[in-house]
Amino acid sequence: MNKAGVSFDSIKAELMMDEEFKEEYEKLRPRYEIISQIIEARKEKNMTQSDLAKLMGTQKSNISRLESGNYNPSLDFLIRAAQCLGKNLKIQMY
């Protein structure tokens, strides 16, 4: 089957040629990496956003905003999320 359209990777590659875009993308990379890891860990445990929120003692809307990138969580919030998902949060400077 032939899919119409352009792949995300090809669009990203084209956008990354623009230095201003590339700089902004790199600034946001750590945020989106942690979001992706939280979503992946939650799905691996077959948990809903509501399930995670209940374990964390927060509201589902906070988890939803976190996963959509519309929330700038505290370090404590991220640590609590990781612990509730059976993970450890590791921050590495490079």
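Here the structure is a predicted model, which is why all the values come from computation and not from measurement.

1. As for the environment of Leu28
Piece 1. Within the element layout of this structure, Leu28 appears in helix α2 (residues 19-44).
Piece 2. Leu28 gets classed as partly exposed once you look at its relative accessible area, which sits at 32%.
Piece 3. Linking Leu28 and Tyr94, residues 66 residues apart in sequence, is a C-alpha distance of 15 Å.

2. Points about the pattern of salt bridges
Piece 1. The tally for this structure, following the rule as stated, stands at 4 salt bridges.
Piece 2. Between Arg42 and Glu67 there is a salt bridge, and its shortest N-O distance comes to 2.7 Å. In this pair, Arg42 is assigned in helix α2 and Glu67 in helix α4 (residues 60-68), connecting sequence segments 25 residues apart.
Piece 3. Residue class for Glu67 comes out buried when judged on its relative accessible area of 13%.
Piece 4. The residue Lys87 makes a salt bridge to Glu44 at a minimum N-O spacing of 4.0 Å. Taken as a pair, Lys87 in the segment after α5 (75-84) and Glu44 in helix α2 lie far apart in primary sequence, 43 residues in all.
Piece 5. We classify Glu44 as exposed; its relative accessible area is 52%.

3. Some details on a negative patch on the surface
Piece 1. Together, Asp18, Glu19, Glu20 and Glu23 give the surface a local cluster of negative charge.
Piece 2. Inspection of the secondary structure puts Glu20 in helix α2.

4. Side note on the nonpolar core
Piece 1. Ile38, Leu52, Met56, Ile63, Leu66, Phe77 and Leu85 are the most contacted members of the largest nonpolar core, which has 13 residues in total.
Piece 2. Of all elements in the fold, only α2, α3 (49-56), α4 and α5 reach the threshold of two or more residues within this core.
Piece 3. With 4 residues, the single largest contributor to this core is α5.

Criteria and thresholds
- Residues numbered from 1 in each chain as written.
- Predicted model: local features only at pLDDT ≥ 70, side-chain atom pairs only at ≥ 80, totals over all residues.
- Heavy atoms only, no water.
- Helix = DSSP H or I, 4+ residues; strand = E, 2+ residues; numbered from the N terminus.
- Buried < 20%, exposed > 50% of the residue type's maximum accessible area, 1.4 Å probe, protein only.
- Salt bridge = Lys/Arg side-chain N within 4 Å of Asp/Glu carboxyl O.
- Patch = residues over 30% accessible without salt bridge, like charges linked within 9 Å, V, L, I, M, F, W, Y side chains within 5 Å.
- Areas by Shrake-Rupley, 256 points an atom, 1.4 Å probe, with all protein chains shown as cover.
- Lys, Arg positive; Asp, Glu negative; His and termini not counted.
- Charge placed at Lys NZ, Arg CZ, Asp CG, Glu CD.
- Core = buried A, V, L, I, M, F, W, Y, C linked by side-chain atoms within 4.5 Å.

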